[in-house]
Amino acid sequence: MESFLTTIGTFMKLIPDYRPKDLEKIIRPKCQVLYFPINFPDVKRFFTDDKHSYFSEKTVVEEARNPERCLSENEDSTLVKRLTKNSNSDQEPGSCKKISATCQEVPLNPPGTPQELNRKEESESTVPYHEEDKEQPTFDPCGKTGGMVKKCDELTNQQRPLRIVWPHRWEHDKDPEAFFKTLLKLKEKGLNFQVSVLGETFSDVPDIFTEARKDLDACVSHWGYISSKEEYFKALCEADVVVSTAKHEFFGVAMLEAVHCGCYPLCPNALVYPEIFAAEYLYSTPEQLFKRLQNFCKRPDLVRKHHAKVDTDQFSWAALCREFRSLLAAEAREDL
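The rules we used
Residues numbered from 1 in each chain as written. Predicted model: local features only at pLDDT ≥ 70, side-chain atom pairs only at ≥ 80, totals over all residues. Heavy atoms only, no water. Pairing = 2+ DSSP bridges. Helix = DSSP H or I, 4+ residues; strand = E, 2+ residues; numbered from the N terminus. Contact = heavy atoms within 4.5 Å. Axes fitted to C-alpha atoms, helices over the stretch in contact; angles between N-to-C directions. Phe/Tyr/Trp six-rings, centres within 6.5 Å; stacked < 30°, edge-to-face > 60°. Buried < 20%, exposed > 50% of the residue type's maximum accessible area, 1.4 Å probe, protein only. Lys NZ or Arg CZ within 6 Å of the ring centre and 35° of its normal. Disulfide = S-S within 2.5 Å. Expected span 1.5 Å × (residues − 1). Arc of directions from axis to C-beta.

Draft legend 1. Structural detail: the sheet that holds strand β7 (residues 264-268). Reading across the sheet, the six strands line up as β5-β4-β3-β6-β7-β8 and stay open at both edges, with parallel pairing between neighbours. Both outer strands of the open sheet, β5 (220-223) and β8 (282-283), are each paired with one neighbouring strand and no more. Of the strand pairs in this sheet, strand β6 (residues 241-243) and β7 are connected by three bridges, and their pairing is parallel. For Val242, the partnering residue across the bridge sits in β7 and is Pro265. Set on the sheet, helix α9 (residues 208-215) makes contact with β3 (162-167), β4 (193-198) and β5; between it and β5 the angle comes to about 150 degrees. Strands β3, β6 and β7 of the sheet are contacted by helix α11 (residues 253-260), whose axis makes an angle of about 160 degrees with β7.

Draft legend 2. Structural view of the packing of aromatic side chains. This model, assessed by the stated rule, comprises 16 aromatic pairs. Arranged with centres 5.1 Å apart and planes meeting at 75 degrees, the rings of Tyr264 and Tyr281 form a pair that is edge-to-face. With Tyr264 in strand β7 and Tyr281 in the loop between α12 (273-276) and β8, this pair connects stretches of sequence that are 17 residues apart. Classification of Tyr281 by relative accessible area gives buried; the value is 0%. Ring plane angle 45 degrees and centroid distance 6.2 Å describe the contact between Tyr273 and Phe277, whose orientation is recorded as tilted. Grouping residues by exposure puts Tyr273 and Phe277 together as buried. Ring pairing ties together the aromatic residues Trp166, Trp170, Phe179, Phe180, Phe209 and Trp223, which thus form one cluster. Between Lys185 and the ring centre of Phe290, over which it is positioned, the NZ or CZ distance is 4.3 Å.

Draft legend 3. Seen up close, the state of the cysteines. Applying the stated criterion across every chain yields a total of zero disulfides. For Cys219, which is in no disulfide, the shortest distance to another cysteine sulfur is to Cys297 and amounts to 9.2 Å. Judged by its relative accessible area of 10%, Cys219 is buried. For Cys297, a relative accessible area of 10% corresponds to the buried category.

Draft legend 4. Helix α8 (residues 176-188), seen in detail. Across its 13 residues, α8 extends 18 Å between first and last C-alpha, which sits within 8% of the 18 Å expected from 1.5 Å per residue. Every buried residue of α8 is accounted for by Pro176, Phe179, Phe180, Thr182, Leu183 and Leu186. Angularly, the buried residues of α8 cover 155 degrees about the axis, an arc narrow enough to put them on a single face. Away from its buried face by more than 90 degrees, α8 exposes Lys181 and Glu188. Along its buried surface, α8 packs onto β3, β4, α9, β5, β6 and α13 (286-298). Remark: Gly190 follows α8 within two positions and exhibits a positive phi of approximately 75 degrees.

Have a look at this one:
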């Protein structure tokens, strides 16, 4: 709502004749935004080992945050209970692989993890890049200092290349040029990554897609529209970072679907994104986006251990149906 109301003045200046005064103040009391309800399926069966761990901890955090979330409609409450039951029954008793006798102990919070970085970070609007964009020392999975816990996947997390996904329409308003330019810079730097470019195509496909497919060939995991919803969510679950470079966006369903699948979001600090995503997931310039991805290419374990601070449940039909029903059943107000 804010992204709409705060830009009314800019649009009104384009009108050559009559310009109503204080239009934002007049409209604001009458405004209500109900987000598009998203159907978030159970995707745990597509998770890698690190994302199984992510989902387990994310569930604990969200239940602690919203212990009594419920709906007035009986069928909605039943649905929530059924989903919760299925979630609990589907959870594997041990998502982490068995630790061999040679598995070493590693620090609970090694230098440069998101826990430390988040305490130091400031908003992207005031600094050119996040604290984690600084050069990081190579993480030794067999470190000898700090709080010690058993970890079996640290080395794997660090060795696997960063997996980036761009799940948007293949049109100019999504600014694919900025995205591919950033990836080519990463490639020129000799950084290791894999990319999946999803989304629908229409009659007029920008030429940059053909050029980028050729230039990034060795880095491509998937290229093109996936008609199967199941295969689409599987591709999202295989990714570590989801990127938006959009110049035009009212909501961003694909970004939230990717976060639901355990991806770390990187979005422009504009449009609707600041209303949904915290400042740490926003960038203000292409250079900031490049530096974030450059750092993650060097330390993919950072994003694989990070829990995105986005409660996707609030955008689900289970959470929004009561508000939609209330609004649609209400009598029209005279002042509208």
